[in-house]
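Letter by letter, the chains look like this.
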Amino acid sequence: MKPAGHASANPCEQALAAWCDRHPLASSAVSAVAFSAGADSTALLLAANARWPGGVVALHVHHGLQPAADGFESHARDFCARHGVSLQVAHVDASSDPGQSPEDAARLARYAALARLAQDAGAACVLLGQHADDQAETLLLALSRGAGLPGLASMPERFERHGVVFGRPLLAIPAVDLRNWLHHSGHTYVDDPSNTDERFTRNRIRATLMPAWDASFPGFRPMLARSARHAAQAQRLLDDLAAIDLAHIGKPPVIGSLQSLSRDRQGNALRAWLRHEGVAASAAQLDELLDQIADCTTRGHRIRLKVAGGLVTREGAHLRYGPASQPPIL
């Protein structure tokens, strides 16, 4: 029950309105919220239901990875029934394969399930509850791994996966603001015990690095979110430049035309070409490929480099990407 008296406004409502201004949805469209029953998705679901009364569906994914999962689903059902929100639930097997991190396995299973539920519900978009703390953690994690601009851009506020649009309207809101509002408004939510398990890298960042940053730089979360937006903008410009260069050098690239570009532009264009082929080269692989291209000054010079599960090779005047088992064609 909500306490008596006037409750402050849900901070998610203004953030959601601003996100919708940037990414308009059809007024008649159904919107979905990924509802874990935790604090962030609870505040977001309430904001969405206030904006689109009767036009919101909550999507809950039961991962089956911990005993508390049944309680999460039960709370989600009770909460949605109390607030008149339609709820769709998917049970998934989120166990990891050999060599795969449990976090990656759970994330992949969750997105696939959310996309299926959204398509079944006819939803135009699935809204996610990641906030400024999550964005800051993502950026710190990317920095610790030596990531390039795509990693430093962290989480985009809109993206598509499995043919479904996903949105993150809360990336500028600190977690404490969401929880304070829920507390003062009397709304209940669940706490996932796995969020404090420091075997997971992100949880160690949350428990150790975030408090240290807070002590030295109070209010740093929006600043890191701003840095992520700057990185995302820079990456979009690089993508635009790569599209211009690939229109000139071709897909697959003509080696001679590629060599007419600066090394940095060659690398940018090659990354975009390889992404078009469905693979990503590491920094070391890209440097080696650029060296091989620079040395390619004679007709018989070979280029051969393993990237992901295939090979980049020379085929006449062009580069090609193909299966590793297939020999290069000169």
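Residues numbered from 1 in each chain as written. Predicted model: local features only at pLDDT ≥ 70, side-chain atom pairs only at ≥ 80, totals over all residues. Heavy atoms only, no water.

S.K.: Would you explain unusual backbone geometry in this entry?
M.R.: Leaving glycine aside, a negative phi is the common case for residues, and trans is the common case for peptide bonds. The omega torsion of the bond from lysine 251 to proline 252 falls at 5°, within 30 degrees of zero and hence cis. Looking at where proline 252 falls in the secondary structure, it is placed in the loop between α9 (220-249) and α10 (255-259). Of note, the phi angle at alanine 37 is positive, near 85°, even though the residue is not glycine. Here alanine 37 lies in the loop between β1 (30-34) and α2 (39-51). (Helix = DSSP H or I, 4+ residues; strand = E, 2+ residues; numbered from the N terminus.)

S.K.: When you look at the environment of cysteine 12 in this model, what are you seeing that I'm missing?
M.R.: With respect to the helices, strands and loops of the structure, cysteine 12 is situated in helix α1 (residues 11-22). Sequence separation of cysteine 12 and alanine 48 is 36 residues, and the distance between their C-alpha atoms is 8.5 Å. With sequence-adjacent residues up to four places away left out, cysteine 12 is seen in contact with Ala43, Leu44, Ala47, Leu170, Ile173 and Leu178. (Contact = heavy atoms within 4.5 Å.)

S.K.: I'm lost on the sheet that holds strand β9 (residues 318-323) in this one. Help?
M.R.: Paired through backbone hydrogen bonds, the strands of a sheet run either parallel or antiparallel to each other. Taking strand neighbours across the sheet as the criterion, the three strands line up as β7-β8-β9 in an open arrangement whose pairing is antiparallel. Among the strands making up the open sheet, the edge pair consists of β7 (304-307) and β9. Taking each pair of neighbouring strands and ignoring which way they run, the sheet shows an average axis angle of 30°. Both strand β8 (residues 310-315) and β9 contribute to a ladder of six bridges, which runs antiparallel. Counterpart to arginine 314 in the pairing with β9 is leucine 319. Its contacts with the sheet place helix α11 (residues 263-276) against β8 and β9, and it is angled at close to 35° to β9. (Pairing = 2+ DSSP bridges. Axes fitted to C-alpha atoms, helices over the stretch in contact; angles between N-to-C directions.)

S.K.: What is the right way to read the pattern of salt bridges from this model?
M.R.: Close approach of charged atoms allows side chains of opposite charge to pair. Overall, the coordinates contain twelve salt bridges when judged by the stated rule. The partner of arginine 221 in a salt bridge is aspartate 133, with the nearest N and O atoms 2.7 Å apart. Residue arginine 221 is located in helix α9, and its partner aspartate 133 is located in helix α5 (residues 132-144); the two are separated by 88 residues in the primary sequence. Note on accessibility: arginine 221 and aspartate 133 belong to one class, buried. As a salt-bridge pair, glutamate 137 and arginine 202 come within 3.5 Å of each other at their nearest N and O atoms. Placement of the pair is glutamate 137 in helix α5 and arginine 202 in helix α8 (residues 201-216), with a sequence separation of 65 residues. Glutamate 137 gets classed as buried once you look at its relative accessible area, which sits at 2%. (Salt bridge = Lys/Arg side-chain N within 4 Å of Asp/Glu carboxyl O. Buried < 20%, exposed > 50% of the residue type's maximum accessible area, 1.4 Å probe, protein only.)

S.K.: Looking at this structure, I do not really get the nonpolar core. What am I missing?
M.R.: Within soluble globular proteins, side chains that are nonpolar generally end up buried alongside one another. Membership of the largest hydrophobic core comes to 33 residues, with the highest contact counts inside it found for Phe35, Leu45 and Leu127. By residue number, the principal contributor to this core is α2, which donates seven residues. Excluding its chain neighbours within four sequence positions, the residues that come into contact with leucine 127 are Leu16, Trp19, Ala32, Val33, Ala34, Leu44, Trp52, Gly167 and Pro169. Leu246, Leu289, Val307 and Tyr321 belong to the second-largest nonpolar core, a separate cluster that totals 24 residues. (Core = buried A, V, L, I, M, F, W, Y, C linked by side-chain atoms within 4.5 Å.)

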